[in-house]
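What the coordinates show
What follows is the residue order along each chain.
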Amino acid sequence: MSNQTHHAGHPVGHPVGHPATHPAGHPAGHPAGHPGGHPAGHPGGHPGGHPGHAGNPAAGGPDGVSAPLRTLEDGSPACRLIAWEVTRSCNLACKHCRAEAHPEPYPGELSTQEAKALIDTFPQVGNPIIIFTGGDPMMRPDVYELVAYAHGKGLTCAFSPNGTLITPETAQKIKEAGVNRCSISIDGPDAASHDSFRGVPGAFEASLRGIEYLKSVGVPFQINTTVTRNNLSSFKKIFELCERIGAAAWHIFLLVPMGRASGLADQVITAQEYEDVLHWLYDFRKSTSMHLKATCAPHYYRIMRQRAHEEGLSVTPETFGMDALTRGCLGGTGFCFISHVGQVQPCGYLELNCGNVRETPFPKIWRESEYFLQFRDQSCYKGKCGVCEYHKVCGGCRARAHSMDGDHMGEEPLCTYIPAKLRRKENP
């Protein structure tokens, strides 16, 4: 499947419902070394929403950035983004994938009628961007009908295939259905590195070929890359590939070790390496007009504010695009995931059952899920995440806290930052 399961890095930028309130900023103290071996440099914008690109692919750029609806009539946060696993079937066997995918249909997938009934409820929670994901959504025969139905409701639609199944004919179907942007995963600068991670020889060339078909019919695309220890040193080369093939955005995903990825413990970078990558991204975005975004990397929004403060910059849509209006972890606060059988979760990597749309209307789940209510209340967060002055713009990765430490409300395991309240306790 594509990395596109969450929040993330989402084929179509996602503003959040949280104002960019933030503390004055703290010295970053970041090391000089950058994973791609690239000197400091700077912004972009994008599907997922980032410096220089409006959260909606149709918006076209920072000039069109406008504050989104933040709350519903009952005070609940508006839902900005829904990643919908329309099928778990897939033709690849990617090492990191939360869905241990296979080519046959899985039992219990929502029928066409059930899927359309679900789409009917989406406008009741705001005006969310719908990401049709999987598995590979192209493995579901009626997916173009579902996209067209959602598009007809006025919803922005993103599509997250792995790219290998795209043909000239299906590229035309994607366009005609009303897809605003596709996200394709590329995890190495060449066939050897990408195919090893994706589990199928020829996947790299097939994905690039699929991208060319999308370009031929005018469908914008972004590239998603999962950060691992093996590809850190290749980041500049991967970016150069993105630039060469004409990607609208590049989203890097910090690995969440669950599903198939639970066997990739040796590929999870350390908290300090994580910090270094995000400082590198902050600098590197200055060197390109392409929209860059870090996903499953909530601390980027802390680092962005720390670095902006050092540079005397205000964090506004004019200076940082949609990054100024969004926050780190969106699970349950502006984003959710719906599985192939209708289970609603905070994200694709955090398998907490927040309710099933076959049993409870989706808008009721969004407004009333116990887990979602926890994520919306800072007093429910434990450890340093609960007292951090950057909580409103970060929140820590709830999936990583759950998968690495067993507590979805625990502190982010891969964060080096010590909140001001804790520093004062240590040095009264």
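Each residue is numbered by its place in its chain's sequence as written, counting from 1. Residue-level local features of this predicted model are given only where pLDDT is at least 70; pairs of side-chain atoms are given and counted only at 80 or more, and the full residue set underlies all totals for whole chains, interfaces and linings. Values reported for side chains reflect all heavy atoms of the structure, with hydrogen atoms and water molecules removed beforehand.

**Quick notes on the packing of helix H7 (residues 271-284) against helix H8 (residues 300-310)**
Two quantities define a packed helix pair, namely the angle between the axes and the distance from one axis to the other. Selection criterion: Axes, fitted as lines to C-alpha atoms, cover a helix only where it is in contact. Angles between the N-to-C directions of the axes lie from 0 to 180 degrees. Under the scheme used here, helices are H or I runs from DSSP no shorter than 4 residues and strands are E runs no shorter than 2 residues, and both carry numbers assigned from the N terminus. Reported orientations rely on four angle classes, namely roughly parallel under 35 degrees, roughly antiparallel over 145, roughly perpendicular from 65 to 115, and oblique for the rest. The hand of a helix crossing depends on one turn: near helix anticlockwise from the far one by less than a right angle means left-handed, and clockwise means right-handed. Two residues form a contact once any of their heavy atoms are found within 4.5 Å. Put simply, Ala, Val, Leu, Ile, Met, Phe, Trp, Tyr, Cys and Pro go in the nonpolar bin, Asp, Glu, Lys and Arg in the charged bin, and everything else, Gly too, in the polar bin.
Closest axis-to-axis distance for the H7/H8 pair is 10 Å, and the angle between their directions is 55°. On the basis of their axis angle, the class for H7 and H8 is oblique. The interaxial crossing formed by H7 with H8 has right-handed handedness. Residues Glu275, Leu278, His279, Leu281, Tyr282 and Asp283 of H7 pack against Tyr300, Arg302, Ile303, Met304, Arg307 and Ala308 of H8. Counted by class, the contact of H7 with H8 contains seven nonpolar, one polar and four charged residues.

**Digging into helix H4 (residues 191-198)**
Definition in use: Any residue under 20% of the maximum accessible area for its type is buried, any over 50% is exposed, and the rest in between are partly exposed; the area is computed with a 1.4 Å probe on protein chains only. This arc is built from the directions going out from the helix axis to the C-beta atoms.
For H4, the complete set of buried residues consists of His194, Asp195, Phe197 and Arg198. Down the axis, H4 shows its buried residues gathered within 160° of arc, on one side only. Once H4 finishes, Gly199 follows within two positions and takes phi at roughly 85°, a positive value.

**Side note on the packing of aromatic side chains**
Selection rule: What counts as a ring pair is set by centres within 6.5 Å for rings of Phe, Tyr and Trp (its six-membered ring), and what kind of pair is set by the plane angle: stacked under 30 degrees, edge-to-face over 60, tilted for all other angles. In our convention, an over-ring charge means Lys NZ or Arg CZ found within 6 Å of a ring centre and within 35 degrees of that ring's normal.
Inspection of the entire model under this criterion finds 14 aromatic pairs. For the pair Tyr390 and Tyr417, a centre-to-centre distance of 5.5 Å together with 75° between the ring planes defines the contact as edge-to-face. With Tyr390 in the loop between helix H12 (383-387) and helix H13 (398-405) and Tyr417 in the loop between H13 and helix H14 (420-426), the pair connects residues that are 27 residues apart, well separated along the chain. For Tyr390, a relative accessible area of 1% puts it in the buried group. Of note, Arg285 hangs over the ring of Tyr282, and the distance from its end group to the ring centre comes to 4.2 Å.

**Side note on the pairing of strand S5 (residues 221-227)**
Note the cut-off: Two strands are counted as paired when DSSP detects at least two bridges linking them. We call a crossover right-handed when, viewed with the strands running away from us, the connection from the first strand over the helix to the second turns clockwise.
Judged by how many residues are buried, S5 sits mostly within the fold: seven of seven residues are covered. Burial along S5 is two-sided: the face carrying Phe221, Ile223, Thr225 and Val227 and the face carrying Gln222, Asn224 and Thr226 are both buried. Pairing analysis gives four bridges linking strand S4 (residues 179-185) to S5, with the strands arranged parallel. What sits directly across from Ser183, in S5, is Gln222. Sheet topology places S5 next to strand S6 (residues 249-254); six bridges connect them, and they run parallel. Bridge pairing in S6 places Ile223 opposite Trp250. Crossover handedness for the path S5 to helix H6 (residues 235-245) to S6: right-handed.

**Quick notes on the environment of Ser76**
With respect to the helices and strands, Ser76 occurs in the segment before strand S1 (81-85). Sequence separation between Ser76 and Leu373 is 297 residues; the distance between their C-alpha atoms is 9.2 Å. If we skip the residues at most four places from it in the chain, Ser76 touches Arg70, Thr71, Arg367 and Arg376.

**Side note on the confidence of the model for the protein chain**
The criterion, for reference: As a per-residue measure, pLDDT tells how confident the predictor is, with possible values from 0 to 100.
Residues at a pLDDT of 70 or more form 79% of the protein chain, whose mean pLDDT is 82. Here residues 1-66 scores under 50 on pLDDT; set against residues more than four positions off or in separate chains, the count is 273 contacts.

**Regarding unusual backbone geometry**
The omega torsion of the bond from Gly134 to Gly135 falls at 25°, within 30 degrees of zero and hence cis. Along the chain, Gly135 turns up in the loop between strand S2 (129-133) and helix H2 (143-152). Positive phi is not limited to glycine here, since Cys296 has a value of about 55°. For Cys296, the position within the fold is in the loop between strand S7 (291-295) and H8. The class for Cys296 is buried, based on a relative accessible area of 6%.

**Observations regarding the environment of Thr167**
Along the polypeptide, Thr167 turns up in the loop between strand S3 (157-159) and helix H3 (168-177). Taking the C-alpha atoms as reference points, Thr167 and Leu214, separated by 47 residues in sequence, lie 8.6 Å from one another.

**Points about the pattern of salt bridges**
Filter applied, for reference: The rule for a salt bridge is simple: a side-chain nitrogen of Lys or Arg has to be within 4 Å of a carboxyl oxygen of Asp or Glu.
Applying the stated criterion to the full structure yields 19 salt bridges. The shortest N-O distance in the salt bridge between Arg229 and Glu273 comes to 2.9 Å. Of this pair, Arg229 sits in the loop between S5 and H6 while Glu273 sits in helix H7; the two residues are 44 residues apart in sequence, bridging distant segments of the chain. Relative accessible area serves as the criterion here: at 23%, Glu273 is assigned to the partly exposed category. Across the pair Lys382 and Asp407 runs a salt bridge whose closest N-O atoms are separated by 2.8 Å.

**Notes on the side chain of Glu275**
Put simply, the test is: Here a polar contact is recorded for every N or O atom pair within 3.5 Å, except that within protein the pair must consist of a potential hydrogen donor and a potential acceptor, and residues adjacent in sequence are included only if both atoms are side-chain atoms.
Locating Glu275 in the fold gives a position in helix H7. Relative accessible area serves as the criterion here: at 6%, Glu275 is assigned to the buried category. Here the side chain of Glu275 touches Thr416 through a polar contact of 3.4 Å, side chain to side chain. Those residues within four positions of Glu275 in sequence are excluded, and the remaining contacts are Arg302, Ile303 and Thr416.

**Things to note about the pairing of S4**
Across the seven residues that make up S4, a large majority, six, are buried. Here S3 runs beside S4; their pairing, made up of three bridges, is parallel. When the bridges of S4 are listed, Phe159 appears paired with Cys182. Between the parallel pair S3 and S4, the chain is carried across by H3, and the sense of this crossover is right-handed.

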